[in-house]
Amino acid sequence: MPGMKLGLIAGNGRFPFLLLDAARAEGCEVVVAAIKEETEPEINERATADSGITVHWLSLGELSRLIETFRTAGVTRAVMAGQVKHKQIFSSIRPDWRLAKLLLNLRTRNTDVLLGAVAKVLGDEGIELISSTAFLEPLLAVEGVLTRRAPGEEEQRDIDYGLTVATGLAGFDIGQTVVVAAQACVAVEAMEGTDATIERAGALMKTLEDGASTLERRLTVVKLPKPKQDMRFDVPVIGVRTLETMIRAGASCLAIEAGRTLLFDREAILRAASEADIAIVALPRRY
C-alpha cells in the first residue's frame, strides 16, 4: 500500500473522508474525483492541508473525464465511497458520449447494473475498482447484540419477517431497508435512501389515531446487503443520522448484517441507541 496512488470516487456524506484518512494512514497517495453534485466542499480543505491528496471536481456525467483524470495521475486502482443518489439519473445532468452509450446499453438502471457497468468501463481502461471496505474493515459490524438491550420477542418477530421481505426484494435491487411493525411491512426503500424510508414509515404510523391498539406500533428497521452484494459499491452504512431518524420515527430496533455493514462513529451510534433504548443487533451472514 505505501506509495500506491489510489483513486477515490467521492460521493456524499462522511464515507469519503473516512476512507481518505484510512488510505493516507496506510501511506497511499490519493487522487480524489469529487462529484460536483454530491461531494462535500470540505474535501478541498483536506487537500490543502495534505500534499498527498489531490482533488479534481467532475460532474456526474463526465465518465470520460474521470478516466482521463485517473490515467493522467497514474491511478490503476480506485474505490467508490459515499452515496450518489440514484435519482440523479433522472436529473438535468448531461452525460458525455461514453456515459450516454453505457446508459443506452443497460437492460435496467438499478444500482448494481449501473455501477457494475461503470466498473467494467474503468477496468477496460486499466483502472481496477476495489472494495470500498478495503481500508475500513475495523468499521464492519461484528456479529451479536451491539447495545445493552437485546431485541424483545415482538421485535425479534419483526426482524424475522423483515428478513423474509428483504430477501424477497433482494433480487430486484430496489433498496436495502425494510421497516416493519407487528409483522406488517410499513415501508421499503427505493431511490429515496434509508433515512427517508424510515421517516416515511414514522410519518405513516403517526397518522394513526391515538388510543388502545391490539398491535405493537413501534417500528423495527432491517437493513441488509443483497445476497450477492458487490462490496465495491453500495455497501450498507449506518451512521448517527440513521439513529437520529429512527428516534424521530419511533423505531425501537435495528437489525443489520455482520461483516457486510459499516458502522460510522460506532461509539456515538451506540450512545444514541442507549439513550433512546434502541436495540441494535448484527445478524450472522446469510450468504
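Before any of the text, the structure's been laid out above.
Residues numbered from 1 in each chain as written. Predicted model: local features only at pLDDT ≥ 70, side-chain atom pairs only at ≥ 80, totals over all residues. Heavy atoms only, no water.

1. Some remarks on the nonpolar core
Okay, step 1: Counting residues in hydrophobic clusters, the biggest one holds 28 residues, and the most contacted among them are Leu6, Leu8, Leu19, Val32 and Phe135.
Okay, step 2: When contributions to this core are tallied by element, the ones reaching two or more residues are strand 1 (5-10), helix 1 (15-25), strand 2 (29-35), helix 2 (43-49), strand 3 (53-58) and strand 4 (77-81).
Okay, step 3: Among the elements that take part in this core, helix 1 stands out by supplying 6 residues, more than any other.
Okay, step 4: Contacts of Val32, omitting those with residues within four sequence positions, involve Leu8, Ala10, Leu20, Ile43, Ile53, Thr54, Val55 and His56.
Okay, step 5: Counting 27 residues, the second largest nonpolar core, distinct from the first, contains Ala33, Leu58, Ala73 and Ala78. (Core = buried A, V, L, I, M, F, W, Y, C linked by side-chain atoms within 4.5 Å. Buried < 20%, exposed > 50% of the residue type's maximum accessible area, 1.4 Å probe, protein only. Helix = DSSP H or I, 4+ residues; strand = E, 2+ residues; numbered from the N terminus. Contact = heavy atoms within 4.5 Å.)

2. Things to note about the packing of helix 3 (residues 63-73) against helix 5 (residues 111-124)
Okay, step 1: Contact pair helix 3 / helix 5: the axes reach a minimum separation of 11 Å and the direction vectors enclose 40°. What the angle tells us is that helix 3 and helix 5 run oblique. The interaxial crossing formed by helix 3 with helix 5 has right-handed handedness. Between helix 3, through Leu63, Leu66 and Ile67, and helix 5, the contact on the second element is made entirely by Val118, Val121 and Leu122.
Okay, step 2: Looking at the contact of helix 3 with helix 5, its residues break down into 6 nonpolar, no polar and no charged. (Axes fitted to C-alpha atoms, helices over the stretch in contact; angles between N-to-C directions. Parallel < 35°, antiparallel > 145°, perpendicular 65-115°, else oblique. Left-handed = near helix turned anticlockwise from the far one by under 90°. Nonpolar A, V, L, I, M, F, W, Y, C, P; charged D, E, K, R; others polar.)

3. Describing the pairing of strand 1
Each regular strand carries side chains that alternate between the two faces of the sheet.
Okay, step 1: For strand 1, the tally of buried residues reaches 5 of 6 residues, placing the bulk of the element in the interior.
Okay, step 2: Following the chain from strand 1 across helix 1 to the adjacent parallel strand 2, one finds a crossover that is right-handed.
Okay, step 3: Examined bridge by bridge, strand 1 and strand 4 share 5 bridges and lie parallel to one another. From the neighbouring strand, Ala10 faces strand 4, where its bridge partner is Ala81. (Right-handed = clockwise from strand over helix to strand, strands pointing away. Pairing = 2+ DSSP bridges.)

4. Here we look at the sheet that holds strand 9 (residues 219-223)
Okay, step 1: Here we have 6 strands laid out as an open sheet, ordered 6-13-11-9-7-8, and mixed in their pairing. Edge positions in the sheet fall to strand 6 (144-145) and strand 8 (184-188), since each has one partner strand and no second.
Okay, step 2: As defined by bridge partners, strand 7 (residues 177-181) adjoins strand 8 across 4 bridges and the pair is classed as antiparallel. In the sheet register, Ala181 faces strand 8, and the bridge partner there is Ala184.

5. Quick look at the packing of aromatic side chains
Okay, step 1: In the structure shown here, the tally under the stated rule is 1 aromatic pair.
Okay, step 2: It is Arg14 that lies over the ring of Phe17; its NZ or CZ is 4.4 Å from the centre. (Phe/Tyr/Trp six-rings, centres within 6.5 Å; stacked < 30°, edge-to-face > 60°. Lys NZ or Arg CZ within 6 Å of the ring centre and 35° of its normal.)

6. As for helix 5
Okay, step 1: Given a rise of 1.5 Å per residue, 14 residues ought to cover 20 Å, and the 20 Å separating the end C-alpha atoms of helix 5 matches this to within 8%.
Okay, step 2: Restricting attention to buried positions, one finds in helix 5 the residues Thr111, Val113, Leu114, Ala117, Val118, Ala119, Val121 and Leu122.
Okay, step 3: Elements that come into contact with the buried residues of helix 5 comprise strand 1, helix 3, strand 4, helix 4 (97-104) and strand 5 (128-129).
Okay, step 4: Gly126 lies just past helix 5 and shows a positive phi near 85°. (Expected span 1.5 Å × (residues − 1).)

7. Some thoughts on the side chain of Glu38
Okay, step 1: Residue position: Glu38 is located in the loop between strand 2 and helix 2.
Okay, step 2: Here the side chain of Glu38 touches Asn12 through a polar contact of 2.7 Å, side chain to side chain. (Polar contact = N/O pair within 3.5 Å; in protein donor to acceptor, adjacent residues only side chain to side chain.)

8. Some words on the packing of helix 3 against helix 4
Okay, step 1: For the pair helix 3 and helix 4, the least separation of the axes is 6 Å and the interaxial angle reads 120°. As the angle between them shows, helix 3 and helix 4 are arranged oblique. On the side of helix 3, the interface is formed by Leu63, Ser64 and Ile67, while helix 4 contributes Trp97, Arg98, Leu99 and Leu102.
Okay, step 2: The residue inventory of the contact of helix 3 with helix 4, partitioned by class, reads 5 nonpolar, 1 polar and 1 charged.

9. Regarding the sheet that holds strand 2
By definition, the strands of a sheet pair up through backbone hydrogen bonds, in either a parallel or an antiparallel sense.
Okay, step 1: Strands sit in the order 3-2-1-4-5 across an open sheet of 5 strands; the sheet is parallel. With partners counted over all chains shown, the strands left at the sheet margins are strand 3 and strand 5, one partner each.
Okay, step 2: Sitting on the sheet, helix 1 is in contact with strand 1, strand 2, strand 3 and strand 4, with an inclination near 170° to strand 1.

10. Some thoughts on unusual backbone geometry
Okay, step 1: Residue Ala182 is not a glycine yet carries a positive backbone phi of 50°.
Okay, step 2: As for its placement among the helices and strands, Ala182 is situated in the loop between strand 7 and strand 8.

11. Looking at the pattern of salt bridges
Okay, step 1: Within the structure shown, the criterion is met by 17 salt bridges.
Okay, step 2: Note that Arg24 is salt-bridged to Asp50, the shortest N-O span being 2.8 Å. Here Arg24 is found in helix 1, whereas its partner Asp50 is found in the loop between helix 2 and strand 3, with 26 residues between them in sequence.
Okay, step 3: Judged by relative accessible area, Arg24 falls into the partly exposed class, the value being 26%.
Okay, step 4: The salt bridge partner of Glu125 is Arg71, with a shortest N-O separation of 2.7 Å. Pair noted here: Glu125 is in the loop between helix 5 and strand 5 and Arg71 is in helix 3, with a separation of 54 residues, a long-range link.
Okay, step 5: A single network of salt bridges, built from pairs that share partners, joins Arg14, Asp21, Glu42 and Arg46. (Salt bridge = Lys/Arg side-chain N within 4 Å of Asp/Glu carboxyl O.)

No statement about biological role is implied by the geometric values presented.
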